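Summary of structural features
Here's the letter readout for the chains.
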Amino acid sequence: MVKRLASQLFVSRLSSYTTNQELKMLFSPFGLVTQASLVKDPKTQRPKGFGFVSFRLEEEAQKALEAMNGRIVRGRLIFVEVANTGSPENGDSSA
DNA sequence: GTTGAGCGTT
């Protein structure tokens, strides 16, 4: 098993006018963004204001995390965190 | 011009 940190980031408190492309544009200079997804309500189609950004390198993801966490995007403060889905944030080798 | 608090969808 390859020890893989969460290369996927959970971005919240985004402004409703921010798009997936916007996210990718914001996270691209911090690393190679392989995927950017904006989550919205499946019923009302209304933007939930949070999304996910996948990096190709976990170290880039963490760098972008601390770089963009608590940053101002489109005039609103956003939060960035490691995603909870799919990637086991298992950085623990046997100590 | 839609905020809050949150972990989606190919």
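Look a little higher up for the structure.
Notes on the structure follow. (Residues numbered from 1 in each chain as written. Chains lettered and ligands numbered in written order. Predicted model: local features only at pLDDT ≥ 70, side-chain atom pairs only at ≥ 80, totals over all residues. Heavy atoms only, no water.)

**Overview of the overall build of chain A**
Rule in force here: Labels follow the DSSP assignment, with helices taken as runs of H or I lasting at least four residues and strands as runs of E lasting at least two, numbered in each case from the N terminus. Burial here depends on accessible area, computed with a 1.4 Å probe over protein chains only, as a share of the maximum for the residue type. Under 20% is buried, over 50% is exposed, and the range in between is partly exposed. Only heavy atoms matter for contacts: two residues are in contact if any of them lie within 4.5 Å across the pair.
Along the backbone of chain A there are 2 helices and 6 strands. Start at the N end of chain A and walk to the C end: the helices and strands fall as β-α-β-β-α-β-β-β. A total of 95 residues make up chain A; the buried ones form 36% of that total. Here the contacts in chain A between residues at least 6 apart in sequence split such that 62% fall between residues at least 24 apart.

**Thoughts on the pattern of salt bridges**
As a reminder, the rule being used: Throughout this description, the term salt bridge denotes a Lys or Arg side-chain nitrogen within 4 Å of a carboxyl oxygen of Asp or Glu.
Applying the stated rule across the entire model yields 1 salt bridge. The partner of Arg74 in a salt bridge is Glu22, with the nearest N and O atoms 3.4 Å apart. With Arg74 in the loop between strand S4 (72–73) and strand S5 (76–77) and Glu22 in helix H1 (residues 20–27), this residue pair connects regions lying 52 residues apart in the sequence. Using a relative accessible area of 48% as the deciding quantity, one classes Arg74 as partly exposed. A relative accessible area of 24% means that Glu22 is categorised as partly exposed.

**What about unusual backbone geometry?**
The backbone of Arg13 shows a phi angle near 60°, a positive value even though the residue is not glycine. Here Arg13 lies in the loop between strand S1 (8–12) and H1. Among the residues examined, Arg13 registers a relative accessible area of 57% and is labelled exposed. Its identity is not glycine, yet Arg74 carries a phi of approximately 55°, on the positive side.

**Points about the pairing of S1**
Basically, it comes down to this: A pair of strands is treated as paired once DSSP finds two or more bridges between them.
Counting buried positions along S1 gives 4 out of 5 residues, so the element sits mostly inside the fold. With 4 bridges connecting them, S1 and strand S3 (residues 47–55) associate as antiparallel partners. Residue Leu9 lies in a different strand from S3, and its bridge partner there is Val53. Pairing geometry for S1 and strand S6 (residues 79–82), over 4 bridges, is antiparallel. When the bridges of S6 are listed, Phe10 appears paired with Glu81.

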